[in-house]
Protein chains: 2
Amino acid sequence: MARQTRIQAPKGTRDLYPEETARVRYIQKAWTDTAVRHGFEEIEGPTFETSELYAVKSGEGILGELFQAFSGKDPSDIEKVKATGRAPFALRPEFTPTLARMYAARAQQLQKPTKWFTAGPYFRAERPQRGRLREFLQWNVDVIGDDETPSGRAQADADCIATCIGLLESLGVESSVVKINVNDRMKLDDLLVSEGVARERMSEVHALLDRAEKMPREEWQRQATALGISPSMGTLFVREWSETEANLDEVIEQFKRYATTSFQKLKAIRESIVAPLDEFGISEKWCRPSLSIVRGLAYYTGTVFEAIADGERAVAGGGRYDNLIELMGGPPTPAVGFAMGDVVLGLLLEDKGLMPEGAALLDAISAPPASRRPEVFVLGADDDASDPLVRRLVADLRRGAESERYKHDSLKAWDPRRYEPATGGVRPMHARQSYKSTRNLKKLLSDAERQFSRFAAIVHGEDRVQLRDLDKREEITPKDVPGLPDSVAEFSVSPDSEVYVGRAVQALLA
Amino acid sequence: MARQTRIQAPKGTRDLYPEETARVRYIQKAWTDTAVRHGFEEIEGPTFETSELYAVKSGEGILGELFQAFSGKDPSDIEKVKATGRAPFALRPEFTPTLARMYAARAQQLQKPTKWFTAGPYFRAERPQRGRLREFLQWNVDVIGDDETPSGRAQADADCIATCIGLLESLGVESSVVKINVNDRMKLDDLLVSEGVARERMSEVHALLDRAEKMPREEWQRQATALGISPSMGTLFVREWSETEANLDEVIEQFKRYATTSFQKLKAIRESIVAPLDEFGISEKWCRPSLSIVRGLAYYTGTVFEAIADGERAVAGGGRYDNLIELMGGPPTPAVGFAMGDVVLGLLLEDKGLMPEGAALLDAISAPPASRRPEVFVLGADDDASDPLVRRLVADLRRGAESERYKHDSLKAWDPRRYEPATGGVRPMHARQSYKSTRNLKKLLSDAERQFSRFAAIVHGEDRVQLRDLDKREEITPKDVPGLPDSVAEFSVSPDSEVYVGRAVQALLA
């Protein structure tokens with residue numbers, strides 16, 4: 001054995017002592033519970049992958065950005081490393097390539113859509129700075145293989161964005177602090193082309209938009225002009241950045257004066273982005289249509305979004321990547337997802353006084369987790385009219401209903417009294433809906449059973465919801481539920497109702 | 001972007017799809033809950049460390065056994081790798097060096113003893129085989145800085161072994177399947193020296209004992225003789241291996257015929273190993289004193305133990321390493337710990353039908369976690385007589401008391417009905433005791449409050465336990481507890497009593 005020595009942790013990594021570990025667990029628990037409640041199933045991949053996996057997606061250049069790894073036991077690996085300076089493995093810098101590889105390998109057996117989440121360590125060979133470490137934790141949430149109709153895709157996009165917002169809400173982060181900037185990269189490209197930008201220069205335009213905040217405004221303007229961006233279009237981007245409260249509606253109005261075709265395209269972007277979010281009841285408060293968000297990575301093909309805190313710090317980001325699964329050897333498969341790291345989020349929670357301490361922190365991470373079995377599987381009855389009600393009910397069940405008392409006391413996010421049934425609260429639940437196109441109730445119920453759901457809620461109308469206990473295989477009426485009036489025969493979609501289906505399930509599972 | 005391709009996960013790593021992830025989470029949850037209930041606090045370190053860290057502990061040779069890593073962005077690192085075939089970082093093959101480094105960095109501020117656990121990914125550059133992967137999860141449990149008296153050390157050793165057994169019990173593994181083989185490497189060395197083995201050849205003896213099961217018996221005997229192991233001593237080792245049910249007591253009796261001094265030493269080994277375990281009520285069923293367990297790693301200095309399933313598969317292993325913290329730059333600090341991987345354990349659970357499936361698996365991983373706040377902090381009143389009662393109560397609270405009904409129905413480990421209060425069960429709890437030498441009750445209570453405990457139980461005798469609610473700062477009597485008789489004034493240490501302190505705390509926290 002060697003002499004006494006004092007060795008440090010590698011630069012940019014963390015030694016997490018008990019209190020720091022508890023803070024990280026608080027974030028991880030919120031990630032896991034939120035994803036589970038939104039119907040995502042957990043997966044995990046290797047911490048290191050073959051370097052080839054990253055080269056396929058992003059070209060050879062990416063290897064220079066990675067931590068590379070090799071077996072010290074394999075003489076041929078060592079020889080290769082000595083000869084080339086390149087190793088056969090890389091510590092994963094992100095999850096999407098692993099996810100695409102895993103999906104491609106089992107595409108035939110997996111249900112449509114497949115909703116997966118994961119949370120684990122990732123690595124970047126960058127210079128460490130505030131909010132940016134060489135090893136960090138990241139939450140990944142993806143919907144893969146939606147039904148390939150525009151509305152199916154919009155639903156999947158909205159599902160991801162709603163999950164991101166659900167996480168923020170569950171941590172007590174308010175929409176005054178974080179905004180979700182949403183764009184559609186493909187539609188933006190079309191708009192730019194109609195404004196005279198050459199399509200083959202689009203990746204340069206994306207890179208310029210992505211770098212904009214780090215550049216002097218005149219330099220940006222100069223490069224934009226060189227790429228063929230018209231002065232009027234350039235002015236719109238600049239306006240979006242200078243007025244953080246400006247939303248796409250104002251931008252659109254502004255644009256009306258310049259070009260009618262582009263005005264129509266802008267309106268179409270607004271509609272395609274915002275309409276599905278409206279249905280979840282989240283667009284107005286949280287989302288801000290944006291023209292300039294493009295996200296750095298090359299594989300995004302449509303919707304892109306970023307959660308920005310205080311107008312500057314990116315807390316999460318993601319988008320649609322419809323070509324990647326095929327590139328990894330799977331069938332053509334649309335997909336959308338996002339990632340959120342623990343470092344920026346942790347700093348935000350601490351800055352805003354939203355990170356519990358001491359006994360409250362220990363209690364918060366000891367709280368019961370979200371049920372991995374769906375608690376309620378929501379089905380539409382026999383006509384399309386119930387579909388918006390189904391989506392609203394699913395969103396409300398996942399969000400929970402805060403008790404009246406909370407509204408006065410402003411209890412912290414980690415205080416379980418917020419959802420106290422005795423004061424009218426309903427805790428957030430794991431709710432799912434069927435993605436099957438059939439209207440056959442028997443088939444839908446067997447889908448719910450196959451997914452191990454506890455209850456099924458069959459929505460006929462606002463105040464006409466049937467509830468079924470799937471474990472006991474029996475119908476439930478309000479008179480079967482402790483504490484509910486038996487004056488009505490069916491349950492309600494509205495959280496304000498005494499016979500709200502969520503209130504009934506909470507009482508039955510207590 | 002490149003052509004369509006199908007890339008595999010690196011050899012010896014796992015793609016965990018939802019059901020496989022759930023099985024891993026089931027194991028991780030059992031690890032975490034068990035460690036928390038036994039008073040261990042969670043920490044986490046970097047996934048990769050400087051290669052130097054592993055060289056300090058085990059010599060330069062270890063680098064050939066590791067996955068090595070380097071930043072692809074750092075030209076000087078790449079040059080060094082090209083020149084030497086060695087990289088500045090290594091993926092961690094085990095946690096103990098990180099733990100020793102972290103403890104050494106804060107030794108002055110940390111309480112004595114410090115009880116830490118962690119569970120995360122580890123890496124070995126070995127050829128993958130059944131039960132042995134290149135990336136796996138491992139649970140590490142350590143008691144660092146005990147009070148340095150022989151009884152303090154024995155208590156810390158027993159605490160670790162009890163935690164290992166607690167994990168097995170919580171998963172439904174029975175003592176007929178797994179045995180904990182326990183030895184004291186330092187005392188074994190003394191015995192071997194008294195039998196004529198040269199002390200400087202001891203590490204060769206350890207290596208030979210460690211390899212014994214993979215060698216033909218005659219070859220082993222030949223090498224043993226060459227190292228100076230007497231035929232009588234050799235016969236004892238062989239006897240231990242050939243009769244899996246043989247315990248040290250029989251071995252000791254056998255040895256009586258050969259040498260009186262060695263007989264005395266063997267009896268001393270038996271006493272020092274078994275006595276503290278007896279107090280936890282675990283030695284007879286679970287532990288098997290063993291002479292031949294030495295564990296491969298060089299840093300063990302005293303007690304060593306291995307959990308062996310079906311007489312062959314090692315499920316867990318650990319021991320005492322009193323020099324390592326100092327070697328890492330900290331003050332001289334005794335320490336003991338063990339590690340358990342998820343791969344062998346997972347195979348064992350599946351082989352024995354102890355891994356839940358489907359809805360039961362999802363329910364099991366959704367069950368409420370162990371409380372990170374201690375639920376009961378147990379204190380001895382004013383004399384030493386209460387100490388064994390304190391340790392017994394702590395052990396009983398951590399283990400829980402199964403309901404009468406369970407004893408008839410043999411419910412599975414993951415079935416929460418096992419501990420149903422209505423049928424007399426008491427769920428396992430997070431219990432701690434004070435390690436302070438003071439008898440000052442006020443100081444002990446403030447120690448309990450500083451650790452955020454919910455209740456304090458002050459033990460005066462078998463049926464004389466005071467209970468105090470530390471959040472509300474008030475005494476609790478049986479009449480304050482719903483469902484308990486108020487015919488007696490104080491609580492009891494015995495789980496069979498109606499006024500068992502664990503039963504009261506369970507009712508108060510419900």
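These notes cover the structure that comes with them. (Residues numbered from 1 in each chain as written. Chains lettered and ligands numbered in written order. Predicted model: local features only at pLDDT ≥ 70, side-chain atom pairs only at ≥ 80, totals over all residues. Heavy atoms only, no water.)

**Points about the pattern of salt bridges**
Residue and element names in this part refer to chain A.
- The full count for this structure, using the stated rule, is 84 salt bridges over all chains.
- Among the ionic pairs, R427 bridges to E375, the shortest N-O distance being 2.7 Å. Residue R427 is found in the loop between α17 (404-409) and β13 (431-433), and its partner E375 is found in the loop between α15 (358-366) and β12 (376-380); the two are separated by 52 residues along the sequence.
- A salt bridge links D387 to R439; the nearest nitrogen and oxygen atoms lie 3.1 Å apart. Placement of the pair is D387 in helix α16 (residues 387-399) and R439 in the loop between β13 and α18 (441-450), with a sequence separation of 52 residues. (Salt bridge = Lys/Arg side-chain N within 4 Å of Asp/Glu carboxyl O. Helix = DSSP H or I, 4+ residues; strand = E, 2+ residues; numbered from the N terminus.)

**A look at the interface of chain B and chain A**
- Contact with chain B, which involves 85 residues of that partner, is made by 85 residues of chain A.
- Between chain B and chain A, roughly 7500 Å² of surface is buried when both sides are summed, and carbon and sulfur atoms account for 60% of that area.
- The interface formed by chain B and chain A holds 10 salt bridges in total.
- Between B:E65 and A:K73 there is a salt bridge, with its nearest N and O atoms 3.6 Å apart.
- At the boundary of chain B with chain A, the tally comes to 20 residue pairs in polar contact (both at pLDDT 80 or more).
- Per-element accounting of the side of chain B that touches chain A gives the leading share, six residues, to helix α15 (residues 358-366) of chain B. (Contact = heavy atoms within 4.5 Å. Buried area = accessible area lost by both parts, 1.4 Å probe. Polar contact = N/O pair within 3.5 Å; in protein donor to acceptor, adjacent residues only side chain to side chain.)

**Details of the sheet that holds β12(A)**
All names here are of chain A.
- The mixed open sheet is built from five strands, whose spatial order is β13-β12-β14-β15-β16. Strands at the two margins of the open sheet, each flanked by one partner only, are β13 and β16 (474-476). If you compare each strand with its neighbour and ignore which way they point, the axes differ by 30° on average.
- Judged from the three bridges that link them, β12 and β13 form a sheet pairing that is parallel. Within the sheet, the bridge partner assigned to V376 lies in β13 and is A431.
- Sheet strands touched by α16: β12, β13 and β14 (455-461). Its angle to β13, the strand with the most contacts, is close to 160°.
- Sheet strands in contact with α18 are β12, β14 and β15 (464-469), and its direction is about 160° off that of β12. (Pairing = 2+ DSSP bridges. Axes fitted to C-alpha atoms, helices over the stretch in contact; angles between N-to-C directions.)

**Some points on the side chain of A:N140**
Residues and elements named next belong to chain A.
- Of note, N140 is situated in strand β6 (residues 135-144).
- On the accessibility criterion, N140 (3% relative accessible area) is buried.
- One polar contact links N140 to Q138, side chain to side chain, over a distance of 3.0 Å.
- Not counting the four nearest positions on each side in its chain, N140 is found in contact with F95, T96, W116, F117, T118, Y122, F338 and A339. (Buried < 20%, exposed > 50% of the residue type's maximum accessible area, 1.4 Å probe, protein only.)

**A closer look at the nonpolar core**
- By size, the foremost hydrophobic cluster in this structure holds 82 residues, and its most contacted members are B:W139, B:V178, B:I180 and B:W220.
- The greatest single-element share of this core, amounting to nine residues, is contributed by helix α5 (residues 150-170) of chain B.
- Every residue in contact with B:W220, bar those within four places of it in the chain, is listed here: B:L208, B:L209, B:A212, B:M215, B:G234, B:F237, B:V238 and B:W241.
- Residues A:V24, A:V177, A:L188 and A:L266 belong to the second largest nonpolar core, which totals 79 residues. (Core = buried A, V, L, I, M, F, W, Y, C linked by side-chain atoms within 4.5 Å.)

**Overview of the relation of the copies chain B and chain A**
- At an RMSD of 0.0 Å, chain B and chain A line up after a rotation of 180° and a shift of 0.0 Å along the axis. Expressed as an axis order, the relation between the two copies is that of a two-fold axis.
- Looking at the interface residues of chain B, 100% of them are also at the interface in chain A, so both copies use one shared face. (Least-squares fit on C-alpha atoms with pLDDT ≥ 70 in both.)

**Brief notes about the sheet that holds strand β5 (residues 114-123) of chain A**
Residue and element names in this part refer to chain A.
- A sheet is described by the order of its strands in space; here eight strands give the open sequence β1-β5-β6-β11-β10-β9-β7-β8, paired in mixed fashion. Edge positions in the sheet fall to β1 (41-42) and β8 (287-289), since each has one partner strand and no second.
- Note: strand β9 (residues 303-309) against strand β10 (residues 313-320), six bridges, orientation antiparallel. Within the sheet, the bridge partner assigned to A307 lies in β10 and is A316.
- Relative to the sheet, helix α6 (residues 185-194) contacts β7 (178-184) and β9, its axis offset from that of β7 by approximately 55°.
- Helix α11 (residues 260-279) contacts β7 and β8 of the sheet and is inclined by roughly 130° relative to β7.

**A few points about the packing of aromatic side chains**
- This model, assessed by the stated rule, comprises 28 aromatic pairs over all chains.
- Residues A:F67 and B:F48 carry aromatic rings whose centres are separated by 4.9 Å and whose planes lie at 45° to one another, so their mutual orientation is tilted. Highlighted residues: A:F67 in strand β3 (residues 67-71) and B:F48 in strand β2 (residues 48-50), drawn from two different chains. For the pair A:F67 and B:F48, a shared accessibility class is recorded, and that class is buried.
- Ring geometry for B:W31 versus B:W139: centroids 6.1 Å apart, planes at 5°, classification stacked. Of this pair, B:W31 sits in helix α1 (residues 18-37) while B:W139 sits in strand β6 (residues 135-144); the two residues are 108 residues apart in sequence, bridging distant segments of the chain. For the pair formed by B:W31 and B:W139, the shared burial category is buried.
- Counting every residue linked through ring pairs, the aromatic cluster contains A:W31, A:W139, A:F305 and A:F338.
- A cation over a ring is seen here: B:K115 above B:F40, with NZ or CZ 4.5 Å from the ring centre. (Phe/Tyr/Trp six-rings, centres within 6.5 Å; stacked < 30°, edge-to-face > 60°. Lys NZ or Arg CZ within 6 Å of the ring centre and 35° of its normal.)

Scope: geometric values only; no functional claims are made or implied.
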